[in-house]
Amino acid sequence: MSKIVALKPTPTKRRLTFQCCYCGGAIEEGESRRHPLDPCAVVLIGNWTASDPEQPSQQFFCHMECFRSRLNEPRDLDIDTMVPGDQA
Ligand SMILES: [Zn+2]
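Residues numbered from 1 in each chain as written. Predicted model: local features only at pLDDT ≥ 70, side-chain atom pairs only at ≥ 80, totals over all residues.

Caption draft 1: The arrangement of the environment of glutamine 19 in detail. The topology assignment puts glutamine 19 in strand β1 (residues 18-19). For glutamine 19 and histidine 63, which are 44 residues apart along the polypeptide, the C-alpha to C-alpha distance reads 8.7 Å. If we skip the residues at most four places from it in the chain, glutamine 19 touches Gly24, Ala26, Ile27 and Phe61. (Helix = DSSP H or I, 4+ residues; strand = E, 2+ residues; numbered from the N terminus. Contact = placed C-beta atoms within 7 Å.)

In structure tokens form, the structure reads like this:
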């Protein structure tokens, strides 16, 4: 009878990676990122005019520049006045 041996997972230094919902590319962090605010997330809220329980939402990741380049009015994106989410 053979003995079943469970392999212990080895610790790795893998980092969580994000994929941009616009270009499909990886969103780098740290020194190699394209923009100081990368990775970014865009939150889509459905039924915006409905009450909270009727508003489904989903989060998408993106590069800041991919998001900015797709805005109809890129000047509407005012990065200098953005505040952390819990202070908005
Ligand atoms: Zn992108």
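Next, the rest of the story.
Caption draft 2: Main features of unusual backbone geometry. Between aspartate 38 and the following residue, proline 39, the backbone shows a cis peptide bond with an omega angle of -5°. Turning to its location among the elements, proline 39 is positioned in the loop between β2 (26-27) and β3 (40-45). Of note in the backbone geometry, asparagine 47 takes a positive phi value of approximately 55° without being a glycine. Structurally, asparagine 47 is set in the loop between β3 and β4 (57-62).

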